[in-house]
Amino acid sequence: MDTDLYDEFGNYIGPELDSDEDDDELGRETKDLDEMDDDDDDDDIGDHDDDHPGLEVVLHEDKKYYPTAEEVYGPEVETIVQEEDTQPLTEPIIKPVKTKKFTLMEQTLPVTVYEMDFLADLMDNSELIRNVTLCGHLHHGKTHPEIRKRYDQDVLTTLCFFQRGVGIKSTPVTVVLPDTKGKSYLFNIMDTPGHVNFSDEVTAGLRISDGVVLFIDAAEGVMLNTERLIKHAVQERLAVTVCINKIDRLILELKLPPTDAYYKLRHIVDEVNGLISMYSTDENLILSPLLGNVCFSSSQYSICFTLGSFAKIYADTFGDINYQEFAKRLWGDIYFNPKTRKFTKKAPTSSSQRSFVEFILEPLYKILAQVVGDVDTSLPRTLDELGIHLTKEELKLNIRPLLRLVCKKFFGEFTGSNVSQQLFLTLQWRVDVVEATPCPLFQGPLMCHTTKMYSTDDGVQFHAFGRVLSGTIHAGQPVKVLGENYTLEDEEDSQICTVGRLWISVARYHIEVNRVPAGNWVLIEGVDQPIVKTATITEPRGNEEAQIFRPLKFNTTSVIKIAVEPVNPSELPKMLDGLRKVNKSYPSLTTKVEESGEHVILGTGELYLDCVMHDLRKMYSEIDIKVADPVVTFCETVVETSSLKCFAETPNKKNKITMIAEPLEKGLAEDIENEVVQITWNRKKLGEFFQTKYDWDLLAARSIWAFGPDATGPNILVDDTLPSEVDKALLGSVKDSIVQGFQWGTREGPLCDELIRNVKFKILDAVVAQEPLHRGGGQIIPTARRVVYSAFLMATPRLMEPYYFVEVQAPADCVSAVYTVLARRRGHVTQDAPIPGSPLYTIKAFIPAIDSFGFETDLRTHTQGQAFSLSVFHHWQIVPGDPLDKSIVIRPLEPQPAPHLAREFMIKTRRRKGLSEDVSISKFFDDPMLLELAKQDVVLNYPM
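Identification of the protein chain as 116 kDa U5 small nuclear ribonucleoprotein component from Rhinopithecus bieti is taken from an unreviewed UniProt entry.

Once that is clear, we can look at a nonpolar patch on the surface. Taken together, the side chains of Y6, Y12 and L17 make up a nonpolar region of the molecular surface, amounting to roughly 300 Å² of accessible area. Turning to its location among the elements, Y6 is positioned in the segment before helix 1 (20-43).

Another aspect to go through is the state of the cysteines. For the structure on display, the rule yields 0 disulfides. Of the cysteine sulfurs around C752, a residue in no disulfide, the closest is that of C635, at 9.5 Å. C752 sits in the buried class, given a relative accessible area of 0%.

Another aspect to go through is the packing of helix 26 (residues 815-824) against helix 27 (residues 855-862). Viewed as axis vectors pointing N to C, helix 26 and helix 27 meet at an angle of 145°, and their least axial separation amounts to 9 Å. Between helix 26 and helix 27 lies a crossing whose hand is right-handed. Counted together, A817, V818, V821, L822 and R824 of helix 26 and F855, D858, L859 and H862 of helix 27 form the full contact between these two elements. Looking at side-chain class alone, the contact of helix 26 with helix 27 contains 6 nonpolar, 1 polar and 2 charged residues.

Counting 152 residues, the largest nonpolar core has V527, I601 and I738 as its most contacted members. Once residues within four sequence positions are removed from consideration, I601 is found in contact with I560, K561, I562, V564, L579, L589, T590, T591, L609, V612, M613 and L616. Among the nonpolar cores identified, the runner-up in size contains 68 residues, and L390, L403, L405 and F410 belong to it.

Let us look at the pairing of strand 26 (residues 646-649). A regular strand carries its side chains on alternate faces of the sheet. By the bridge criterion, 4 bridges tie strand 26 to strand 27 (residues 656-663) in an arrangement that is antiparallel. From the neighbouring strand, E649 faces strand 27, where its bridge partner is K656. Where strand 26 folds back onto strand 27 in an antiparallel hairpin, the turn is made up of 6 residues, including K653, whose phi is positive at roughly 60°.

Within this structure, the stated rule accounts for 38 salt bridges. In this structure, the salt-bridge partner of K581 is D577, at a minimum N-O distance of 3.4 Å. Placement of the pair is K581 and D577 together in helix 18 (residues 572-585), with a separation of 4 residues, close to one helical turn. On the basis of relative accessibility, which here comes to 14%, the residue K581 falls in the buried class. A salt bridge links R860 to E856; the nearest nitrogen and oxygen atoms lie 3.0 Å apart. Taken together, the residues span about one helical turn, with R860 and E856 both in helix 27 at a distance of 4 residues. The network of salt bridges with common partners includes D217, K246, R249 and E253.

With that settled, consider the packing of aromatic side chains. For the coordinates displayed, the defined rule picks out 37 aromatic pairs. Aromatic pair Y454 and F465: ring centres 5.8 Å apart, planes at 80°, arrangement edge-to-face. With Y454 in strand 10 (residues 447-455) and F465 in strand 11 (residues 462-470), this pair connects stretches of sequence that are 11 residues apart. Pair check on accessibility: Y454 and F465 agree, each one buried. Seen in terms of ring centroids, Y789 and F924 are 4.8 Å apart; in terms of plane orientation they differ by 75°. Their pairing is edge-to-face. Taken together, the positions of Y789 in helix 25 (residues 777-793) and F924 in the loop between helix 28 (901-913) and helix 29 (927-936) put the pair 135 residues apart, joining distant regions of the chain. Its relative accessible area of 2% is what places Y789 among the buried residues. Lying over the aromatic face of Y454, K452 brings its terminal NZ or CZ to 4.9 Å of the ring centre. We note K685 situated over the ring of W681; from NZ or CZ to the ring centre the distance is 4.2 Å.

The rules behind these values
- Residues numbered from 1 in each chain as written.
- Predicted model: local features only at pLDDT ≥ 70, side-chain atom pairs only at ≥ 80, totals over all residues.
- Heavy atoms only, no water.
- Patch = residues over 30% accessible without salt bridge, like charges linked within 9 Å, V, L, I, M, F, W, Y side chains within 5 Å.
- Areas by Shrake-Rupley, 256 points an atom, 1.4 Å probe, with all protein chains shown as cover.
- Salt bridge = Lys/Arg side-chain N within 4 Å of Asp/Glu carboxyl O.
- Helix = DSSP H or I, 4+ residues; strand = E, 2+ residues; numbered from the N terminus.
- Disulfide = S-S within 2.5 Å.
- Buried < 20%, exposed > 50% of the residue type's maximum accessible area, 1.4 Å probe, protein only.
- Axes fitted to C-alpha atoms, helices over the stretch in contact; angles between N-to-C directions.
- Left-handed = near helix turned anticlockwise from the far one by under 90°.
- Contact = heavy atoms within 4.5 Å.
- Nonpolar A, V, L, I, M, F, W, Y, C, P; charged D, E, K, R; others polar.
- Core = buried A, V, L, I, M, F, W, Y, C linked by side-chain atoms within 4.5 Å.
- Pairing = 2+ DSSP bridges.
- Phe/Tyr/Trp six-rings, centres within 6.5 Å; stacked < 30°, edge-to-face > 60°.
- Lys NZ or Arg CZ within 6 Å of the ring centre and 35° of its normal.

In structure tokens form, the structure reads like this:
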């Protein structure tokens, strides 16, 4: 449109136009034409004269009713014509912009009882920082609303949490808390999941903490995950504090008398101490309310006290009492004699109560009983005596809110100061360490250890979460990110990145900061691309000697396997991108591609994999994904020594290696995996370990070459050759190649490409070529692998399967149903016992992981939902039957009897991996070796 022809209101002001009459004539003509067309349409009535041009017949399909898109929009515009019926009515032609949101985040910073600047200033003072992980068994009260409400921190961020009712991700929260004297401390708290499947999240939290607060339900006591967490915390050498939570259940639910409640609480403390002494070498690590590292709480009713804080309530009420001395007399077999007004170790009368019962439990029972029982008559009088004033409206409240209100007024605000008081005591050693450091940590070079990746709201990017251990990290600075495979020799796994923004994470909101000094936790943007699980972030230049922080060591193993593929094959790249993201999001998840091309995800249990698949489908790839039936990883092992010496020659016939295989001593594989013994030790120390603990002779103990398939692999390669028979110098020159062949062989066993486990391979003889040219890696490595396989197959090979340890809680009348369900799944019970002070039983059992799918659902069906079970990987066990027995015929769709299981597992695993149906022995035996076998007339049931 020419702008000069019109004024600002759109009125025409250009040169005069032709008169309208011409237009009218044109209009009339077109109108006539239209009428003629309409006549045509009706049904060609009458013949048209050919004399009139423009009145010829136009076919229906050639008519042009509307201008084309090009005429309307111009030639430069691309137009899309939406054909009819290609899109369902439910789907809009132009979709609204959809924002993905998978976490609940506050848009603005909420109002807190302290300024955010004050929190940021505390970060510079390392003596005032406490880094703590809250952990405990499932539903023992780690994430309770009362703790969250007080400081306006809502810890529940993932939407999954609400749907499932269990924590799935560990959530970091940074808050300022006062101690009992009102001094402020900066608390970095990691709230972790309690479900045993997600113990990898706890491991990630423990790595960057200095201490743990272990929550234990007073009614349930020490459970499966409590025990594992104690062991884990002790192994990580962290300070341990216990919070016995839900003590209201002892009173209101189990209705125990005060003395029995004391016994129950003491039993929990004793049990925890027993576990600590079992796993710890430190004699001084003891938990006791007297030492201030055990507190009692009920987060639902705002109760939280230690002996010290309860004694202080007495001191505040009655005046001149030295509350610290009083607190020391409130636990254990100590009695108060009202006549002499002294504490004695012996009960003054037969009906005397222990001091803990008399001074703490009885007052507590009275308050709860008054509120629950007699609100109208005696409660106001009791509250007056305690100096608690309630309005008439407050007295009309329901029982639970009223109880919460009364306890809050009696115990003071639920600030967590009692717990924080304990943590000051427990974490005091950290302050001593900081004071003993000659130069302040934040002046050193930057070293930051990231242990977790948190995805953004929309699930597109990740932020790395970790702890700054030295130096200061600034927003926008260039850093060097070192991955888990980085070493000083091999620097491939490192990348220079630029840090984006930095935040202090407070669960549902983030506080942005421009720098974070040593000792603090930080959420970092912009470094997620090279990080898979954990990483070390350091200066890009000047800190070349920096080693990495070692990768996380989980207290469980991922043994359950599912294969995934997209429903629509063209969406494979989207699924691969999703797999990369879930791999970053879950610390112990493993993803890999099998040789057959299937994509496999390994996880710790059913709930774990269910969450992984939910994230993969909904958050990260948003496509339909098919999942194969779950299976488990197997291991391969031997049960006897090789029946003859197995040898293999290299392709150039210049080298020959002879080996035999035999089972390892019981417990040795576990020792290697738990790093009780390490291959990096010097030979003398290594030799002493094997001589003293496993009765190896000096020669064998000193000639251990390697563990396999990696530094903590449960197989051993021993050089058992004699200097008189073999040239040790030549053998030493090919040692690396033989070790590589051994590690390759143990990584993929001959039965079904699974790890070999619990096998000792001995090199008995070796002929090595003189010229270096004839003994290169290309000759030796495949040969060493082949001889490992043949020695393995000659030593009665067997399959091993993972076993789960199951803990079931059920009422007494459901115990027999639990036995029935377990028996149907090859499980066996190891212990069933009543839980002291409650009507429930605990049943402990073992069940093969492959038979555990659907076990929980089955259990609930058979017990009307009254039994609750948790299972966790425990050990490997040999599958009954011989996997190489050709006489076994496996009929499809029929359950196999026990002796056929090994064969069934092997054949089906091989089929799934796209391997040949049976193990072919000729692949691993040379011709001379086969001749040797024939000569010795070994009867083999292997296919040649």
